[in-house]
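Architecture at a glance
The residues making up each chain are set out below.
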Amino acid sequence: MQRLVFRMVGSLVLLVVMVVSWPRSVLALPPVQGEVISVTTGIPGTMVIRDDKGQLHILNLTQQTQLGAQFKVGDKVLAFFSPYGVSAVQLQGGNR
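This text gives an overview of the structure that appears in the document.

Secondary structure assignment for the protein chain yields two helices and five strands. When the elements of the protein chain are put in sequence order from the N terminus, they spell out α-α-β-β-β-β-β. Among the 96 residues that make up the protein chain, the fraction classed as buried is 22%. Within the protein chain, contacts between residues separated by at least 24 positions form 37% of all contacts whose residues are at least 6 apart in sequence. For the protein chain, the exposed surface amounts to about 7200 Å²; the carbon and sulfur share of it is 61%.

What follows is the structure in structure tokens.
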């Protein structure tokens, strides 16, 4: 009986260790590509993107997110997400 309990507890601990050790990329959402519809300045700022399907995505931007470029309405961007929110926004080439 004790052996069975120890095996079950060991299996449970192994399962928890595996789930906790998954890379963060497994939990991340796919990137969103689209056109900037509106941008509010300030920290934190917001950006609204319309994707190819016509869906709107509201991004809450931090100072770190905005370091790469200044975005304006009409820009084509690619936004990356993490489990904690927006991780990066990149300007797509050829639209300026």
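Our focus in this paragraph is the environment of Ile-49. For Ile-49, the position within the fold is in strand S2 (residues 45-51). According to the relative accessible area criterion, Ile-49 is buried, its value standing at 0%. Sequence spacing of Ile-49 and Val-77 is 28 residues, and the spatial spacing of their C-alpha atoms is 8.1 Å. Those residues in contact with Ile-49 that sit more than four places away from it in its chain are Val-32, Gly-34, Glu-35, Ile-37, Gln-55, Leu-56, His-57, Leu-59, Val-77 and Ala-79.

Of note, Asp-51 is situated in strand S2. Lacking a salt bridge, the buried Asp-51 has Lys-53 as its closest oppositely charged neighbour, with an N-O distance of 6.1 Å. In this structure the side chain of Asp-51 is engaged in a polar contact, spanning 3.0 Å, whose partner is the backbone nitrogen of Lys-53. Apart from the residues within four sequence positions on either side, Asp-51 is in contact with Val-32, Gln-33, Gly-34 and His-57.

Nonpolar side chains in soluble globular proteins generally cluster together in the buried interior. If you look at the biggest cluster of nonpolar residues, it comprises twelve residues: Val-32, Val-36, Met-47, Ile-49, Leu-59, Leu-61, Phe-71, Val-77, Ala-79, Phe-81, Val-86 and Val-89. Listing elements by their share of this core, those giving two or more residues are strand S1 (32-40), S2, strand S3 (56-61), strand S4 (76-82) and strand S5 (85-91). In terms of residues, this core owes the most to one element, S4, which gives three residues. For Met-47, the residues in contact, after removing those within four places along its chain, are Val-36, Ser-38, Val-39, His-57, Ile-58, Leu-59, Leu-61, Phe-71, Val-77 and Val-89.

Attention now goes to the pairing of S4. In this sheet, S4 lies alongside S1 in antiparallel orientation, the contact comprising four bridges. Paired with Gly-34 across the bridge in S4 is Val-77. The pairing of S4 with S5 spans six bridges and is classified as antiparallel. In the strand pairing of S5, Ala-79 is matched with Val-89. In this antiparallel pair of consecutive strands, S4 and S5, the connection spans two residues.

Reading guide: rules and limits
- Each chain has its residues counted from 1, following the order in which its sequence is written.
- With the structure being a predicted model, the display of local features is reserved for residues of pLDDT at least 70 and the display and counting of side-chain atom pairs for 80 or more, all residues being used for whole-chain, interface and lining totals.
- Computation of side-chain values: all heavy atoms of the structure, hydrogens and water removed.
- Starting at the N terminus, helices and strands are each numbered in turn, a helix being any DSSP run of H or I of at least four residues and a strand any DSSP run of E of at least two.
- Summary of the burial criterion: residues with accessible area below 20% of their type's maximum are buried, those above 50% are exposed, and those between are partly exposed, where the area comes from a 1.4 Å probe applied to protein chains only.
- Contact between two residues is taken to exist if any of their heavy atoms lie within 4.5 Å; hydrogens are not considered.
- Note on areas: Shrake-Rupley with a 1.4 Å probe; residue coverage comes only from the protein chains shown.
- For this count, His and the chain ends are skipped, Lys and Arg are scored as positive, and Asp and Glu as negative.
- Take a side-chain nitrogen of Lys or Arg and a carboxyl oxygen of Asp or Glu: if they are within 4 Å of each other, that pair is a salt bridge.
- Any pair of N or O atoms that falls within 3.5 Å is considered a polar contact. Within protein, one atom must be able to donate a hydrogen and the other to accept it, and sequence-neighbouring residues count only if both atoms are side-chain atoms.
- The criterion is simple. A nonpolar core is a set of buried Ala, Val, Leu, Ile, Met, Phe, Trp, Tyr and Cys residues joined through side-chain atoms within 4.5 Å.
- Two strands pair if DSSP finds at least two bridges between them.

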